[in-house]
Amino acid sequence: MSAAASARQILTRLHEVMASRMHAQGKLDRVVQIVGESLTSEVCSIYLLREGMLELFATRGLNQSAVHVTRMAIGEGLTGTIADNVETLNLAEAKAHPDFQYRPETGEDKFHSFAGVPIVYRERAVGVLCVQHVDPRRYEDVEIEALQTTAMVLSELIANAELVDEEDVLSLGGRETGPQTLTGLTLVKGLGTGQAVYHQPRVQITQVMAEDIEAERQRVYRAFDKMREQIDHLAGQAEFGVGGEHEEVLETYKMFAYDEGWSRRINEAIDSGLTAEAAIERVQQHTRMRMREIDDALLADRMHDLEDLANRLLRIVSGQLGTAASQGLRRDTILIARNLGPAELLEYDRRRLKGVILEEGSLTAHVVIVARAMGVPVLGRTQGVRGAVREGDEVLLDATAGQVTVRPSTSVSEAFAARFAKSREKQAAYAELRDVEPTTKCGTRIEVMMNAGLRDDMSALAMTGADGVGLFRTEFQFLVSATLPQRERQMKLYRDVIDAAGDKPVIFRTVDIGGDKAVPYLASDVANNDENPAMGWRALRLALEREGLMKAQARALLEAGAGRSLYVMFPMVSEVWEFDAAKAVFDEQLQFLRSKKKQVPDAIHYGAMLEVPALAEMLDLLLPKLSFLSVGTNDLTQFLFAADRANPMLAERYDWLSRPIIRFLRRVTRDTEGSGISLGVCGEMGGRRLEALALLGIGFRRLSITPAAVGPIKELICQVDLAELESAMEKFLADPGVHLRSALSDWAAQQGIEFD
Ligand code: PEP
Ligand code: MG
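This is a predicted model, so every value here is computed, not measured. (Residues numbered from 1 in each chain as written. Chains lettered and ligands numbered in written order. Predicted model: local features only at pLDDT ≥ 70, side-chain atom pairs only at ≥ 80, totals over all residues. Heavy atoms only, no water.)

With respect to the site of ligand 1
For step 1, the next point in the chain: Neighbouring residues of ligand 1: 17 residues in total, closest R473, R509, E611, N634 and R645.
For step 2, the next point in the chain: Interatomic distance of 2.7 Å between a backbone N/O atom of N634 and an oxygen atom of ligand 1.
For step 3, the next point in the chain: Burial of ligand 1 by the protein amounts to 100% of the accessible area it has alone, namely 290 Å².
For step 4, the next point in the chain: Of all the secondary-structure elements, those providing two or more residues to the shell around ligand 1 are α14 (366-374), β16 (469-473) and α24 (633-640).
For step 5, the next point in the chain: Sort the elements by how many residues they give to the shell around ligand 1 and α24 lands first, with three residues. (Near = heavy atom within 4 Å. Polar contact = N/O pair within 3.5 Å; in protein donor to acceptor, adjacent residues only side chain to side chain. Areas by Shrake-Rupley, 256 points an atom, 1.4 Å probe, with all protein chains shown as cover. Helix = DSSP H or I, 4+ residues; strand = E, 2+ residues; numbered from the N terminus.)

Spelled out as structure tokens, the structure:
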């Protein structure tokens, strides 16, 4: 009989049992008989989790008096080891295994061979199915597969009959693999706790046995087609469109997606009577087992890719396509993903999202900027997170310290809670600075504005006491929309934002899409094919050519600002004529509104962002045209260093406090001096205390920063004497041997200024 046929025979018999009206215990008793007979094994036993122990629930071949008596801890004996490691054991001589433990009440001393598989439910081993034999022989692959299939059927039974207590399953987390600490790169500081949720959730298999084998086969064929199609198009998506390692991953995906062996094995599993979902999972279990035997880090990495792909296939076949955002977060959550796009992050419920852990990610990628705006801590470049964390695990995220603890012990949890409380106290202290004016010790008033992009962000203006919005990223509305936002909708948002700001100014930056802010409905022809999107057809470059887009936004802004002062800023200006052309679009719309006798803004202030180094060469020609200039240090530094801001491999390579950047910025402040133009910084750099100190020290008097940083930066400003700071910076810059970061932080320490 073929392997598939014998597996099908077991499955048919199991099917009958499962479909019968027998109670759960009766079914377990039948299952051990069927498996024992089919594998001609003297012994077949089922252990299930009860109150944290593995309890013998059913057996054929061992003493019946041991049922519900023999209990093993997780990790104890062979059974406990299988559950602990969630892996299969296949031994010709059980006693030779170091974890073997003899239980006299079972009468198992006459048996030599032993094979066992975990019964997995919600990614945890909630039981063990094992067989034993008098002869010392290893079980064959087909027999192990039969056991694994039976274990899947049992997990379905466990779910339906609630044979295992839900609390028991959750508490398993810690005991199975114990606490684990991983490190990563701080992308957004902060602390958070919650249960791990994968952005792309694992599919729960609800039906193991097929009703119609041919229909299952067709489902898998279609799913494979769809998956291959997706893989071929993946390069442009957020998950893969950013980051440095994606090409290699994509290649691996392709290799697996087109691997004939993989699809053949799934088909064979379907032949044995499994549903498409169960067949994919079965094959995956088998591969996992094989890979474990080969101890190779590189292969383990590839295994994660195959897991991703198998999960993708499962999602397609089962129709469970949504991300965790679309399913809704049910409790406080720490989200886990390889990478995310800004729009994907915005779909999550802010109240429940307590932190994000990315396997990739970099400091100035837009998803991180969005997270910062949402006040969600983010840890990036956290290697091994997908291997270490399972859905539902308790997670303590300390993004400030660059650490995450999974399945913490009680003492670790308590220490974390204490730290958390302290950090909240600090936040509260910063909140008290709301009404304090950021004035230096020497009496200079520094403008501290905040960055925003969503309607909801505006509440932070009152909470932080910022002087206004120094950068409103209008593209966020474009990113969260499925289609291009109509002019009316844009106008409404801008008007709401201006209303919410009251007397305080809001600087609206015209759309900066393209780059890592790809929108699916626009520019798919060019932007998505850009080899180098950050330097590609983005921001003003795109807007000037898609005139309709720019016109609509200009009109929306002019209408929203009717009767007030309007501040408009153009991103990525590289040459002076681009500023002129953008302003001309506004002028034209202004004329149009006037000709229609519509009310227009009382005053319009135009500004530019300095993000492209070339523009610094043209300041003498540009400044007379502007009322303000804002340095976008995120883009500026990526262009100065030729280092992609979204590439995780470069995330830690260059320092904002390095000489090229500080000297460049000092040149800008000098060239702007005396022009009467208001100069500020609106990149992430200004929101970090030591960096902000450096900026003040080279002449910047306006910072626009993330709302969470307003309190800490105000506090800093009040501690600074500008004359002393400026002369210290002068001295550091004059001496090429000085390491700027260390020198400045030593200086700050001497002044009694704290940095965390
Ligand atoms: C910048 O580049 O520094 C900036 C503020 O703009 P964004 O981060 O949106 O590109
Ligand atoms: Mg920018």
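Points about the coordination of the magnesium ion (ligand 2)
For step 1, the next point in the chain: Donor atoms from the polypeptide that bind the magnesium ion (ligand 2) are E611 (OE) and D635 (OD), placed at 1.9 to 2.0 Å. Placement of the pair is E611 in the loop between β19 (603-610) and α23 (619-622) and D635 in helix α24, with a sequence separation of 24 residues. We note that E611, like D635, is buried. (Donors = N, O, S within 2.8 Å, 3.2 Å for Na, K, Ca; no water. Buried < 20%, exposed > 50% of the residue type's maximum accessible area, 1.4 Å probe, protein only.)

Re unusual backbone geometry
For step 1, the next point in the chain: Here the phi dihedral of A539 falls at roughly 50°; this positive angle occurs in a residue that is not glycine.
For step 2, the next point in the chain: Among the structural elements, A539 can be located in helix α20 (residues 539-545).
For step 3, the next point in the chain: Judged by its relative accessible area of 1%, A539 falls in the buried class.
For step 4, the next point in the chain: A positive phi angle, close to 60°, is found at K597, a residue other than glycine.
For step 5, the next point in the chain: By the secondary structure assignment, K597 is in the loop between α22 (576-595) and β19.

Remarks on the packing of aromatic side chains
Geometrically, a pair of aromatic rings is defined through the distance of the ring centres and the angle of the planes.
For step 1, the next point in the chain: This structure, assessed with the given rule, holds ten aromatic pairs.
For step 2, the next point in the chain: Relative to F586, the ring of F570 has its centre 5.7 Å away and its plane inclined at 65°; by these criteria the two rings are edge-to-face. Of this pair, F570 sits in strand β18 (residues 565-570) while F586 sits in helix α22, and the two are 16 residues apart along the sequence. Here the two residues F570 and F586 agree in accessibility, since each one is buried. (Phe/Tyr/Trp six-rings, centres within 6.5 Å; stacked < 30°, edge-to-face > 60°.)

Section: the domain arrangement of the protein
For step 1, the next point in the chain: When the domains of the protein are assigned, the result is domain 1 (3-171), domain 2 (180-200 + 324-424), domain 3 (213-318) and domain 4 (432-750).
For step 2, the next point in the chain: At the junction of the two partners, domain 1 supplies 14 residues and domain 3 supplies 14 residues.
For step 3, the next point in the chain: Summing the contributions of domain 1 and of domain 3, the shared interface buries around 1,200 Å²; its carbon and sulfur component is 56%.
For step 4, the next point in the chain: At the boundary of domain 1 with domain 3, the tally comes to one salt bridge.
For step 5, the next point in the chain: A salt bridge links E145 to R282, with the nearest nitrogen and oxygen atoms 3.7 Å apart.
For step 6, the next point in the chain: If you look at where domain 1 meets domain 3, you find two residue pairs in polar contact (both at pLDDT 80 or more). (Domains from an automatic or database assignment. Contact = heavy atoms within 4.5 Å. Buried area = accessible area lost by both parts, 1.4 Å probe. Salt bridge = Lys/Arg side-chain N within 4 Å of Asp/Glu carboxyl O.)

With respect to the packing of helix α19 (residues 487-501) against helix α21 (residues 547-560)
For step 1, the next point in the chain: At a minimum axis separation of 8 Å, α19 and α21 run at an interaxial angle of 40°. Like other packed secondary-structure pairs, α19 and α21 cross with a definite hand, here right-handed. Of the residues in α21, those in contact with R487, Q490, M491, Y494, R495 and I498 of α19 are A552, Q553, R555, A556, L557, E559 and A560.
For step 2, the next point in the chain: By residue class, the composition of the contact of α19 with α21 is seven nonpolar, two polar and four charged. (Axes fitted to C-alpha atoms, helices over the stretch in contact; angles between N-to-C directions. Left-handed = near helix turned anticlockwise from the far one by under 90°. Nonpolar A, V, L, I, M, F, W, Y, C, P; charged D, E, K, R; others polar.)

Thoughts on the nonpolar core
For step 1, the next point in the chain: With 125 residues, the main nonpolar core has F570, L610 and L629 as its most contacted residues.
For step 2, the next point in the chain: Here this core spans two domains, and each of domain 2 (180-200 + 324-424) and domain 4 (432-750) adds at least three residues to it.
For step 3, the next point in the chain: L28, M209, A276 and V283 belong to the second-largest nonpolar core, a separate cluster that totals 87 residues. (Core = buried A, V, L, I, M, F, W, Y, C linked by side-chain atoms within 4.5 Å.)

A word on the sheet that holds strand β3 (residues 71-73)
For step 1, the next point in the chain: One open sheet accounts for six strands, arranged β3-β2-β1-β6-β5-β4; its pairing is antiparallel. Two strands close off the open sheet at either side, each with one partner strand: β3 and β4 (89-91). Strand-to-strand twist in this sheet, taken as the mean axis angle between neighbours without regard to direction, amounts to 25°.
For step 2, the next point in the chain: Where strand β5 (residues 113-121) lies against strand β6 (residues 124-133), nine bridges are found, and the strand directions are antiparallel. When the bridges of β6 are listed, S113 appears paired with H133.
For step 3, the next point in the chain: Running over the sheet, helix α3 (residues 77-85) touches β1 (43-50), β2 (53-60), β3, β4, β5 and β6 and is turned about 40° from β5.
For step 4, the next point in the chain: Running over the sheet, helix α4 (residues 141-161) touches β1, β4, β5 and β6 and is turned about 35° from β5. (Pairing = 2+ DSSP bridges.)

So, the sheet that holds strand β9 (residues 191-198)
For step 1, the next point in the chain: The strand order across the open sheet formed by eight strands is β7-β14-β13-β9-β10-β11-β12-β8, and the pairing between neighbours is mixed. Among the strands making up the open sheet, the edge pair consists of β7 (180-183) and β8 (185-188). Strand-to-strand twist of the sheet, defined as the mean angle between neighbouring strand axes without regard to direction, takes the value 30°.
For step 2, the next point in the chain: By the bridge criterion, four bridges tie β7 to strand β14 (residues 403-406) in an arrangement that is antiparallel. Opposite T183, over in β14, you have Q403 as the bridge partner.
For step 3, the next point in the chain: Where helix α16 (residues 410-431) meets the sheet, it contacts β9, β13 (394-398) and β14, and its direction lies at approximately 125° from that of β9.

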